[in-house]
Amino acid sequence: MSTNLRKHDFNTFLTALVASLLGNPAQAAWEVNMPVGVTDASAKIFDLHMLIFWVCVVIAVIVFSAMIYCLVAFRKSKGAVPATFSHSTTAEIVWTVIPVLILVAMAVPAAQTLVEIDDTRDTEMTIKITGYQWKWQYEYVGEDVSFYSNLAASSNETRQLRSGIDPFQEDNYLLDVDRPLVVPADTKIRYLITSNDVIHAWWVPDFAVKKDAIPGFINEGWFRVNEPGVYRGQCAELCGKDHGFMPVVVEVLPREEFTAWLAGQQGGAAVASAATAR
Amino acid sequence: MAHAQDKYYIPHGTKWPILMSLGLFTLFLGVSVWLNGGNATPAIIVGLAIVITMMFFWFGEVIGESEAGTFNDQVDTSFRIGMMWFIFSEVMFFAVFFGALFYARQLALPWLGGEGSNFFTNLLLWEGFESSWPSNGPADVGGEFEPMGAWGIPALNTAILLTSGVTITVAHHALKEGNRRVLGLFLALTFLLGFIFMGFQAYEYIHAYQELNLTMNSGIYGSTFFMLTGFHGMHVTIGAIMLVVIWLRCLRGHFTAKHHFAFEAVAWYWHFVDVVWLGLFIFVYWL
Amino acid sequence: MSATTTHDEHHDDHGPAKGIMRWITTTNHKDIGTLYLVFALAMLFVGGAMSLVIRAELFQPGLQFVNPDFFNQMTTMHALIMVFGMIMPAFVGFANWMVPMMIGAPDMALPRLNNWSFWILPFAGTLLLSTLFMDGGGPASGWTLYPPLVLQTGNALPFAIFSVHLLGVSSIMGSINIIVTIMNMRAPGMTLLKMPLFVWTWLITAYLLIAVMPVLAGGVTMLLTDGFFGTSFFQAAGGGDPVLFQHIFWFFGHPEVYIIILPAFGIISQVIPTFSRKPLFGHDSMVYATASIAFLSFIVWAHHMFTVGMPLAGQLFFMLSTMLIAIPTGVKVFNWTATMWRGSLSFETPMLFALAFLFLFTIGGFSGLMVAIAPADFQYHDSYFVVAHFHYVLVPGALFGAIAGAYYWLPKWTGHMYNETLGKVHFWLSAIFVNLTFFPQHFVGLAGMPRRIPDYATQFADFNAISSVGAFGFGFSQLLLVYVVIQCVRGGEKASAQVWDGAEGLEWTVPSPAPYHTFEEPPLVR
Ligand code: HEA
Ligand code: HEA
Ligand code: CUA
Ligand SMILES: [Cu+2]
């Protein structure tokens with residue numbers, strides 16, 4: 001059996017709490033908020049998220065203050081005598097209209113963002129993603145490159161029931177694959193997504209992309225990654241027993257490097273390794 | 001019993017409901033085992049027997065109370081409101097299947113044919129498929145089939161059901177006027193029409209399976225066709241049996257011109273089955 | 001409306017039957033209410049025990065206790081049991097006990113049907129729970145039962161589906177009974193707008209139930225025929241669409257969540273005025289708000305499906321319609337606050353739970369609003385943020401509402417006061433642990449932890465550990481509730497008819513415990 005809640009947990013907790021209160025997520029040992037991400041869309045969605053969040057916080061502060069004031073000021077034990085009023089049309093109109101205005105103010109940017117994300121025109125390359133129980137298949141449409149992406153072997157070993165291996169010793173426990181999807185940076189990439197068996201969903205938080213893979217239908221979406229790097233996500237629709245074990249890893253290369261990489265893959269060499277499905 | 005009419009009737013304890021549940025439990029247990037490939041005929045038979053027996057006793061008791069004059073007007077109103085909302089729940093049940101039909105015709109099939117943002121669905125998964133109705137889907141599930149035409153038996157069945165709607169209304173008026181002979185005659189006509197309808201429906205199913213290769217397997221057309229007509233047929237059967245029951249009751253001299261909730265409940269139910277059929281005729285057979 | 005009095009031929013002098021037969025054959029609304037409540041309490045522990053399996057496995061990364069498939073069965077069964085076996089029966093139990101008493105009726109309108117509505121439940125529950133002991137175990141597709149995954153269920157599939165059918169029949173019959181009772185059994189003078197809010201919320205809930213339970217029944221029937229009879233409703237190859245099931249499920253499922261919360265709103269609307277010693281603020285607008293919520297609940301369902309690839313117009317429509325629900329719900333929250341405003345507040349246990357409801361449900365409502373924003377939902381969807389959202393509205397929302405109601409009416413039911421000190425201890429433990437359990441789930445969700453997974457990446461470890469500790473704390477605190485209830489049933493300080501000095505309504509005009517038959521002669525309503 002693996003040990004351990006690590007000893008420094010509590011310290012981590014405090015540091016992170018303080019850090020997050022000071023509004024500096026960089027210092028936090030773990031995240032408490034949505035990632036800003038590395039695409040324009042993810043940044044927009046992050047802003048939207050923070051906007052709604054703060055709106056809710058402000059409303060919460062006002063509403064909760066009123067409630068708390070009641071709890072403090074109108075206590076029977078302090079001799080409060082109940083008033084007898086039971087309605088006020090003015091008040092009720094006010095607290096119907098104000099929320100309407102707030103909601104309209106929220107709906108506008110939300111709708112705008114939605115429309116922008118939906119626009120799949122002018123994409124520069126297309127990748128077809130197919131979900132399987134329990135792995136992903138990536139096909140570079142028109143390039144004759146295609147391969148499967150499985151949970152990395154070491155994670156797979158560790159995640160067995162009572163494996164006795166400590167997950168903390170792994171670098172990217174459950175978030176690593178044998179072959180990542182490789183894409184170029186600064187490129188508007190269209191992805192076509194479907195499934196071969198049950199519904200899956202392809203989710204990379206840093207891209208703010210989540211789309212269901214529906215068997216028999218193809219959904220499409222797009223992303224454009226601004227910064228090269230390795231980004232991780234997971235299947236986000238319950239797809240059976242190993243739903244928790246089909247991560248998504250995307251390696252974003254600068255454009256030239258990507259072109260070189262793609263050239264190296266062509267000719268079916270890649271397809272062969274696909275057979276090593278679990 | 002003298003003062004019964006001005007009190008709300010609260011029945012004493014009853015053991016039918018729990019036995020009824022036990023029956024349903026046994027029945028469903030049996031059917032589940034059967035669906036899983038096991039042998040559960042005894043459970044199914046026992047379950048069904050319990051359910052039917054319980055209905056017999058339960059309704060029998062209520063009928064007895066009714067004839068004894070236990071129910072005042074307020075109780076009668078309770079029954080009426082209850083029946084109305086029960087029928088409403090049945091309407092919603094059929095609405096799902098109609099919804100599925102519309103969804104398939106208006107959305108799913110066109111999408112499979114490449115409409116909307118589904119260009120690639122069609123190109124990469126179902127190349128060459130063109131959306132149309134009737135359809136057994138892009139994979140031609142169940143093989144070539146012929147759809148059911150509207151103007152043969154179905155049109156006849158429409159006429160039959162509409163007529164039965166008239167006959168039951170005639171029976172109702174007869175009941176209100178105290179004309180027992182007409183009442184019995186037209187009630188009998190009504191359920192006979194119901195059974196004729198069912199006969200045609202059965203014939204149509206055999207025809208579909210044996211000659212048209214139209215089965216539950218025939219893609220979305222077969223699915224919606226048999227689901228809608230099947231559940232409707234089941235309701236016609238239940239309705240016809242209920243008609244037989246109230247007919248027998250009429251023969252025994254039950255119901256008065258003023259007091260005949262059960263009759264009206266069955267009549268409402270019959271009209272409901274009728275209206276659903278019109279929907280079926282238009283959307284399943286015709287359009 | 002004619003006179004409303006009881007007529008009970010066989011035992012005009014009213015003792016109930018003796019022993020177990022009393023409970024099996026009863027047609028008395030109070031007995032049946034009690035049956036529902038006891039059943040619900042038992043199911044809280046069954047469903048809760050399953051959630052504790054979930055939380056134990058999620059205490060730290062790696063798989064320690066159960067294999068992934070069993071984990072999924074636990075998630076599925078936990079939700080089905082909690083929703084259909086615990087919270088809905090609990091509120092039906094309240095309706096049975098209180099609706100006739102609140103409107104001055106002698107009993108429910110259709111007492112035999114009432115007995116049946118209850119006695120379906122144990123059989124349906126057995127059918128469902130029995131699947132856990134079958135080859136291949138119980139359903140493991142999540143409570144949402146999405147195809148095609150659900151069709152991979154082993155032998156459990158038909159059992160689960162028939163169980164849903166039975167539960168549906170029970171709910172529909174129960175709802176018909178409630179509607180008929182409210183429409184036809186009110187004491188003279190009890191006009192619709194004079195009805196207490198709990199009665200109103202249940203009336204509207206009953207309409208919702210009758211409208212959507214058949215829809216679920218139809219949906220799972222299609223699953224059954226797809227699974228066993230070769231139909232193609234949810235298969236693209238035959239011209240169907242797996243997403244169609246999602247539309248059907250959520251057309252039921254979204255109203256369902258309001259079915260769960262509206263009766264809780266009703267209870268809160270009784271409790272807060274009592275302990276503020278001031279009439280409910282804006283009674284009529286509360287009624288209209290409830291009706292608006294119910295209406296809107298029919299046109300927002302696809303907000304659970306923003307990621308399925310709906311056309312843009314659909315996404316926009318469902319986002320905007322969903323946001324609208326914040327308005328009537330806001331009216332409710334503000335009216336409750338206004339009820340307390342310039343009142344004279346005291347803090348007995350029911351009030352404490354109602355206050356916790358007020359704060360924590362609102363938090364759950366805010367996160368609901370956040371997930372309603374379609375583009376942002378691309379990030380939240382199927383993450384623990386959603387789990388946090390719905391547990392805030394379900395546990396400190398609906399469940400706390402039920403608990404508040406239980407403390408509020410226990411003295412009326414049993415004739416004894418419960419132990420106030422223990423009640424308060426129960427409250428504080430529950431309130432603290434529930435936040436410990438579910439608040440951290442917001443964080444892991446935002447940071448990217450998907451829901452319905454038995455094991456997770458190490459960066460989520462700390463918050464999950466906290467959440468698990470909270471869950472066990474919360475779970476075991478509920479044993480205290482059981483203790484308090486049993487103690488109160490067995491004895492304790494005698495309760496007066498009025499019980500709470502600020503309480504108003506017909507139920508407080510009859511002695512505590514309420515006599516076996518109330519209002520044989522209709523009360524006078526002013
Ligand atoms: C009791 C149950 C309950 C209740 C009451 C609610 C209430 C709400 N829910 Fe929730 N929800 C669930 C139970 C519930 N939900 C469940 C079980 C799921 C998940 C199911 C599953 O997938 O398994 C879910 C999932 C869910 C989703 C899907 C998320 C996803 O899967 O991606 C969405 C999206 O829109 C949503 C939205 C809302 C909204 C907008 C409300 C609103 O009704 C909330 C309104 C309340 C307020 C907003 C607070 C009070 C208002 C004010 C103080 C006024 C001023 C406020 C403003 C102007 C902002 N819910
Ligand atoms: C009313 C509904 C309701 C209620 C009350 C709860 C209550 C709780 N829920 Fe539940 N939950 C749902 C409805 C509900 N939930 C739904 C709809 C889902 C979605 C399912 C899906 O994804 O399909 C879900 C999913 C869900 C998950 C996500 C699982 C996953 O995604 O894999 C988790 C994880 O923490 C969780 C935890 C809890 C906990 C800790 C409680 C606690 O509040 C429970 C309190 C515990 C107790 C009351 C137990 C007491 C037991 C003992 C003390 C042990 C002794 C035992 C005996 C004496 C028998 N729930
Ligand atoms: Cu694939 Cu979940
Ligand atoms: Cu919803």
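Residues numbered from 1 in each chain as written. Chains lettered and ligands numbered in written order. Predicted model: local features only at pLDDT ≥ 70, side-chain atom pairs only at ≥ 80, totals over all residues. Heavy atoms only, no water.

Caption draft 1: Looking closely at the overall build of chain A. Per the secondary structure count, chain A includes six helices and 10 strands. Taking the contacts inside chain A whose residues are at least 6 apart along the sequence as the reference set, 66% of them involve residues at least 24 apart. When the accessible surface of chain A is split by element, carbon and sulfur atoms take 59% of a total near 12,500 Å². (Helix = DSSP H or I, 4+ residues; strand = E, 2+ residues; numbered from the N terminus. Contact = heavy atoms within 4.5 Å. Areas by Shrake-Rupley, 256 points an atom, 1.4 Å probe, with all protein chains shown as cover.)

Caption draft 2: Focus on the overall build of chain C. On a plain count of helices and strands, chain C comes out with 15 helices and one strand. For a compact globule of 526 residues, the expected C-alpha radius of gyration is about 24 Å, and chain C comes in at 23 Å, within 12% of that figure. Principal-axis analysis of the C-alpha atoms gives chain C an extent of 65 × 50 × 45 Å. Taking all 526 residues of chain C together, 75% fall into the buried category. Across chain C, contacts joining residues at least 24 apart in sequence account for 83% of those joining residues at least 6 apart. Of the side chains in chain C, 18 bear a positive and 25 a negative charge, and the two mean positions are spaced by 10 Å. (Rg over C-alpha atoms; globule rule 2.2 N^0.38 Å. Buried < 20%, exposed > 50% of the residue type's maximum accessible area, 1.4 Å probe, protein only. Lys, Arg positive; Asp, Glu negative; His and termini not counted. Charge placed at Lys NZ, Arg CZ, Asp CG, Glu CD.)

Caption draft 3: Quick peek at the packing of aromatic side chains. Evaluated as defined, the whole model comprises 100 aromatic pairs over all chains. Considering the side-chain rings of A:F147 and A:W261, the 6.5 Å spacing of their centres and the 80° angle between planes classify their relative orientation as edge-to-face. Of the two residues, A:F147 sits in strand β3 (residues 145-149) while A:W261 sits in helix α5 (residues 255-265), which places them 114 residues apart along the sequence. Pair check on accessibility: A:F147 and A:W261 agree, each one buried. For the ring pair C:F317 and C:F318, a centre distance of 5.1 Å and an interplane angle of 80° mean the geometry is edge-to-face. We classify C:F317 as partly exposed; its relative accessible area is 43%. A cation sits over an aromatic face here: A:R179 above A:F147, 4.0 Å from the ring centre. Stacked on the ring of A:F85, the Lys or Arg C:K278 has its end atom at 3.8 Å from the ring centre. (Phe/Tyr/Trp six-rings, centres within 6.5 Å; stacked < 30°, edge-to-face > 60°. Lys NZ or Arg CZ within 6 Å of the ring centre and 35° of its normal.)

Caption draft 4: Summary view of the site of ligand 2. Residues and elements named next belong to chain C. Taken together, 32 residues lie near ligand 2, and R55, H78, W143, H391 and R452 sit nearest. One of the side-chain N or O atoms of T75 is found 3.1 Å from an oxygen atom in ligand 2. Put simply, the parts of the chain that give the shell around ligand 2 at least two residues each are α2 (29-57), α3 (68-103), α13 (384-414), α14 (420-447) and α15 (461-490). Each residue belonging to the shell around ligand 2 can be placed in one class, and the counts come to 19 nonpolar, 10 polar and three charged. (Near = heavy atom within 4 Å. Polar contact = N/O pair within 3.5 Å; in protein donor to acceptor, adjacent residues only side chain to side chain. Nonpolar A, V, L, I, M, F, W, Y, C, P; charged D, E, K, R; others polar.)

Caption draft 5: Broad picture of the interface of chain A and chain C. Opposite the 94 residues of chain A that make contact, chain C presents 100 residues. Counting each side, the surface lost to burial between chain A and chain C is near 8,200 Å², with a carbon and sulfur contribution of 71%. When the buried area of chain A at its contact with chain C is split by residue, A:W95, A:L114 and A:L238 rank highest and sum to 8% of it. The interface formed by chain A and chain C includes 22 residue pairs in polar contact (both at pLDDT 80 or more). Listed by contribution, the elements that provide at least two residues to the side of chain A that touches chain C are α1 (9-21), α2 (40-73), α3 (89-118), β7 (209-213) and β9 (229-235) of chain A. The element best represented in the side of chain A that touches chain C is α2(A), accounting for 16 residues. A per-class count over the side of chain A that touches chain C returns 58 nonpolar, 20 polar and 16 charged. (Buried area = accessible area lost by both parts, 1.4 Å probe.)

Caption draft 6: Highlighting the coordination of the iron atom of ligand 2. Residue and element names in this part refer to chain C. H78 (NE2) and H391 (NE2) make up the full set of protein donors to the iron atom of ligand 2, lying at 2.0 Å. Each of the six donor atoms bound to the iron atom of ligand 2 contributes to angles spanning 88 to 179°, and the resulting shape is octahedral. Taken as a pair, H78 in helix α3 and H391 in helix α13 lie far apart in primary sequence, 313 residues in all. Classification of H78 by relative accessible area gives buried; the value is 14%. For H391, a relative accessible area of 12% corresponds to the buried category. (Donors = N, O, S within 2.8 Å, 3.2 Å for Na, K, Ca; no water. Tetrahedral: all angles 85-135°; square planar, octahedral: opposite > 155°, others 65-115°.)

Caption draft 7: The confidence of the model for chain C, seen in detail. Residue and element names in this part refer to chain C. Chain-level pLDDT for chain C is 93 on average; 97% of the residues reach the 70-or-more range. The model gives residues 1-13 a pLDDT under 50, and that stretch makes 38 contacts with residues more than four places away or in other chains. ipTM for the predicted complex: 0.93, alongside a pTM of 0.94. (pLDDT = per-residue confidence, 0-100.)

Caption draft 8: Representation of the coordination of the copper ion (ligand 4) within the structure. Residues and elements named next belong to chain C. Protein-derived ligands of the copper ion (ligand 4) are H254 (ND1), H303 (NE2) and H304 (NE2), with the metal-ligand distances lying across 1.8 to 2.1 Å. Here the copper ion (ligand 4) and the iron atom of ligand 1 are spaced 4.5 Å apart. Residue H254 is found in helix α7 (residues 242-276), and its partner H304 is found in the loop between α8 (283-296) and α9 (312-324); the two are separated by 50 residues along the sequence. Given the relative accessible area of 4%, H254 is considered buried.

Caption draft 9: Here's a closer look at the sheet that holds strand β5 (residues 189-195) of chain A. Residue and element names in this part refer to chain A. Ordered in space as β3-β2-β1-β5-β8, the five strands form an open sheet in which the pairing is mixed. Since the sheet does not close on itself, it has two edges, and those belong to β3 and β8 (219-223), each with one partner. With direction set aside, neighbouring strand axes in the sheet form an average angle of 25°. Looking at chain direction, β5 and β8 are connected through five bridges and run antiparallel. Across the sheet, L192 pairs through a bridge with E220, a residue of β8. (Pairing = 2+ DSSP bridges. Axes fitted to C-alpha atoms, helices over the stretch in contact; angles between N-to-C directions.)

Caption draft 10: How the structure looks around the nonpolar core. C:F84, C:F94, C:W336, C:M340, C:Y380 and C:W409 are the most contacted members of the largest nonpolar core, which totals 325 residues. In this structure C:W409 touches C:F94, C:M98, C:M102, C:F198, C:I267, C:Q270, C:E507 and C:W508, once residues within four positions along its chain are discounted. Judged by nonpolar contacts, the second largest core, of 38 residues, contains A:Y138, A:A213, A:C235 and A:V250. (Core = buried A, V, L, I, M, F, W, Y, C linked by side-chain atoms within 4.5 Å.)

Caption draft 11: Highlighting the interface of chain A and chain B. Taken together, the contact pairs eight residues of chain A with 10 residues of chain B. Buried surface at the junction of chain A and chain B, both sides included, amounts to about 740 Å², of which 73% is carbon and sulfur. Considering only the surface of chain A that becomes buried against chain B, A:G216, A:F217 and A:I218 emerge as the three largest contributors, covering 63% of it. Linking chain A with chain B are zero salt bridges, by the criterion used here. Taken together, the links from chain A to chain B amount to two residue pairs in polar contact (both at pLDDT 80 or more). (Salt bridge = Lys/Arg side-chain N within 4 Å of Asp/Glu carboxyl O.)

Caption draft 12: Summary view of the side chain of C:S297. In this structure, C:S297 sits in the loop between α8 and α9. Beyond its immediate chain neighbours, meaning those up to four positions away, C:S297 contacts C:L208, C:H254, C:P255, C:Y258 and C:I325.

Caption draft 13: Structural context of a nonpolar patch on the surface. All names here are of chain B. Together, F102, W151, I282, F283, W286 and L287 make up a nonpolar patch on the protein surface, roughly 620 Å² of accessible area in all. Examining the composition of the nonpolar patch, we find that three residues originate from one element, helix α8 (residues 261-286), more than from any other. Mapped onto the fold, W286 is located in helix α8. (Patch = residues over 30% accessible without salt bridge, like charges linked within 9 Å, V, L, I, M, F, W, Y side chains within 5 Å.)

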